[in-house]
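# Structural features, examined
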Amino acid sequence: MAARLVCLRGLLRVAGPRPFSAQASPLQTEQQGTKRPEPSSAKSLIDIGTRRIFSSDHDIFRESARKFFQEEVLPFHAEWEKDGQVSRELWEKAGQQGLLGVAIAEKHGGIGADILSSAVVWEEQMYVNCTGPGFSLHSDIVMPYIANYGSEEQIKRFIPEMIAGKCIGAIAMTEPGAGSDLQGIRTYAKKDGGDWILNGSKVFITNGWMSDVVIVVAVTNREARSPAHGISLFLVESGTKGFIKGRKLNKIGLKAQDTAELFFEDVRLPASALLGKENKGFYYLMAELPQERLLIADMALASCEFMFEETRNYVKQRKAFGKTIAHLQTVQHKLAEMKTQICVGRAFMDNCLQLHADKRLDSSTASMAKYWSSDLQNSIATQCVQLHGGWGYMWEYPIAKAFVDARVQPIYGGTNEIMKELIARDIVSDK
């Protein structure tokens, strides 16, 4: 594993952002993407070597990630759907392949690549239509909290094991009575000498059943002038007394992704379990949520690209009235509409990815990306199922799985109604 990570670090460091040069060399020109074809003119929407935000080094990493998902995930996903979770072995294989914590700094034990390299992993998972592995949440939602706000002891304790796939991470925000409204959280941690006593429950927690460490969002000051001023984050390890994992939830989609209820009954935590500063948790959440929404948006767009290619291939071989249905004008027009919508979405999405790589993505723009891309994903899913006819309603067809998996996208990570509120607030603000 060590040798593989050294190789990936060397490769992906080159793939990071490059300074602008008025007289770029031919190599720099090629790597900055001026000659790379756009998805709209490429042979397919998932071709490697397209999109100007990526370099040839990203392409090499994408080839490696694509091979991993095609060989180590796709053949086993149907069985994992029955189990309601992927295997632990898969997590360790992903770690050995260098696919976990890609953007975590080298000083913390990560590969130290850019966020565009993380996006490669997000997209390649969607290109095989396998939503079971919770790699993106583990690597690009949970790990940044620890890397950005954790103590040196916490970073050394968790990050290397998480990168190796031996410690699976989750984050517990949502409660039975508090979803998108984080200020409505009721889980409470009170001080008891030098310790904390945690009580409460969480629901819809991705990676919850398999988790080894969970970031728990809890109220720590009920007398704060506003709920936002009294929330803290805690690192709770599996096996801690009073930490109980409920059942794996039976969802209509994301069948191979373990999603659980979590309960905390007088869980005693040492002071060292506090992540960051006391009562600063809400501000940490607000700082990290744009990346979570960007991640959901990019995976939604990648799913659209997968569904389009799956449907294009289907209509070109499905026959009706003596010819393939791809020869029907109504089908051709529908394909033209969908490709246009996806390519327009991809242009905005890639702009958001580049903004985030440059540390310029704001909350409002991330909310736009999340709401628009996840809505598009559901629209494309509906149209693609329709073009498959009755077979699109059969579970063994990839488009059926993509259809049900898409439905939760406008709900988690903050509902799309909340995304519109955040966008609108920015529009009408006088500041």
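Here, the structure is the one placed above.
Notes on the structure in this doc start here. From a predicted model like this one, the values you see are computed outputs, not experimental measurements.

In total, this model carries 25 salt bridges according to the counting rule given. A salt bridge links E278 to K191, with the shortest nitrogen-to-oxygen separation between them at 3.0 Å. Note that E278 is positioned in the loop between strand 8 (274-275) and helix 9 (281-317) and K191 in strand 2 (residues 188-192), a separation of 87 residues in sequence. On the basis of relative accessible area, E278 is assigned to the partly exposed category, the value being 30%. A salt bridge links D350 to R346; the nearest nitrogen and oxygen atoms lie 3.1 Å apart. With D350 and R346 both in helix 10 (residues 329-357) and four residues apart, the pair spans about one turn of that helix. The same class applies to D350 as to R346, namely buried. Each member of the salt-bridge network shares a partner with another, and the members are R51, R62, R66, E123, E124, D298, E305, R346 and D350.

Another aspect to go through is the packing of aromatic side chains. Within this structure, the stated rule accounts for eleven aromatic pairs. The interplanar angle of 85° and the centroid separation of 5.7 Å between the aromatic rings of F68 and F69 together place this pair among those described as edge-to-face. We note that F68, like F69, is buried. Geometrically, the ring pair formed by Y314 and Y397 is edge-to-face, given 6.5 Å between the ring centres and 85° between the ring planes. In this pair, Y314 sits in helix 9 while Y397 sits in the loop between helix 11 (363-388) and helix 12 (398-406), placing the two residues 83 residues apart along the sequence. Classification of Y314 as buried rests on a relative accessible area of 8%. Three or more aromatic residues link up through ring pairs in this structure, and these residues are F68, F69, W91 and F135. We note R62 situated over the ring of F54; from NZ or CZ to the ring centre the distance is 5.0 Å. Seen from the ring of Y188, R222 lies directly overhead, with NZ or CZ sitting 3.6 Å from the centre.

On to the side chain of D258. Structurally, D258 can be placed in the loop between strand 6 (243-248) and strand 7 (259-269). It is K245 that comes nearest to the buried, bridge-free D258 among opposite-charge side chains, at 7.2 Å. In terms of polar contacts, D258 uses its side chain to reach the backbone amide nitrogen of G208, at 3.3 Å. A distance of 3.0 Å separates a polar atom in the side chain of D258 from the backbone nitrogen of M210. Dropping the residues within four chain positions of it, D258 is found in contact with G84, Q85, I205, T206, N207, G208, W209, M210 and K248.

Spanning 37 residues, helix 9 covers 53 Å between terminal C-alpha atoms, matching the ideal 54 Å at 1.5 Å per step. At E288, helix 9 shows its largest bend, some 35°, and a proline, P290, comes one to four positions later. Counting buried positions over the 37 residues of helix 9 gives 29, a clear majority of the element.

Positive phi values are uncommon outside glycine, yet F204 reaches one of about 60°. Topologically, F204 is positioned in strand 3 (residues 195-206). Looking at F204, the relative accessible area reads 57%, which means it is exposed.

Here we come to the environment of R293. Inspection of the secondary structure assignment puts R293 in helix 9. Overall, the relative accessible area of 8% leaves R293 in the buried class. Linking R293 and G413, residues 120 residues apart in sequence, is a C-alpha distance of 6.1 Å. Residues contacting R293, with those up to four places away along its chain left out, are A366, S367, K370, G413, G414, M419 and L422. A polar atom in the side chain of R293 sits 2.9 Å from the backbone oxygen of G413.

All right, on to the packing of helix 7 (residues 135-149) against helix 9 then. Following both chains from N to C, one finds helix 7 and helix 9 inclined at 160°, their axes separated by 10 Å at the closest point. It follows that helix 7 is roughly antiparallel to helix 9 by the angle criterion. Considering how the two elements wind past one another, helix 7 and helix 9 form a crossing that is right-handed. Only Y284, L285, A287, E288, Q291, E292, L295 and M299 of helix 9 make contact with helix 7, whose side of the interface consists of S136, D140, I141, P144, Y145, N148 and Y149. Classifying every residue of the contact of helix 7 with helix 9 by side-chain character gives nine nonpolar, three polar and three charged.

Look at helix 9 against helix 11: their axes get within 8 Å of each other, and the N-to-C directions meet at 20°. Between helix 9 and helix 11, the crossing angle belongs to the class labelled roughly parallel. Here helix 9 and helix 11 pass one another in a crossing that is left-handed. Residues belonging to the contact of helix 9 with helix 11 are distributed by class as follows: 17 nonpolar, eight polar and three charged.

Our focus in this paragraph is the pairing of strand 5 (residues 231-237). When you tally the buried positions in strand 5, you get six out of seven residues, the bulk of the element. Sheet analysis places strand 4 (residues 213-219) next to strand 5, joined by seven bridges and oriented antiparallel. Across the sheet, the residue bridging to V213 is E237, located in strand 5. Bridging between strand 5 and strand 8 involves two bridges; their strand directions are antiparallel. Paired with F234 across the two strands is L274, which belongs to strand 8.

About the cut-offs
- Residues numbered from 1 in each chain as written.
- Predicted model: local features only at pLDDT ≥ 70, side-chain atom pairs only at ≥ 80, totals over all residues.
- Heavy atoms only, no water.
- Salt bridge = Lys/Arg side-chain N within 4 Å of Asp/Glu carboxyl O.
- Helix = DSSP H or I, 4+ residues; strand = E, 2+ residues; numbered from the N terminus.
- Buried < 20%, exposed > 50% of the residue type's maximum accessible area, 1.4 Å probe, protein only.
- Phe/Tyr/Trp six-rings, centres within 6.5 Å; stacked < 30°, edge-to-face > 60°.
- Lys NZ or Arg CZ within 6 Å of the ring centre and 35° of its normal.
- Lys, Arg positive; Asp, Glu negative; His and termini not counted.
- Polar contact = N/O pair within 3.5 Å; in protein donor to acceptor, adjacent residues only side chain to side chain.
- Contact = heavy atoms within 4.5 Å.
- Expected span 1.5 Å × (residues − 1).
- Bend = angle between axes of the 7 residues up to and from the residue.
- Axes fitted to C-alpha atoms, helices over the stretch in contact; angles between N-to-C directions.
- Parallel < 35°, antiparallel > 145°, perpendicular 65-115°, else oblique.
- Left-handed = near helix turned anticlockwise from the far one by under 90°.
- Nonpolar A, V, L, I, M, F, W, Y, C, P; charged D, E, K, R; others polar.
- Pairing = 2+ DSSP bridges.

In short, the description is geometric, and any link to function would need to be established separately.
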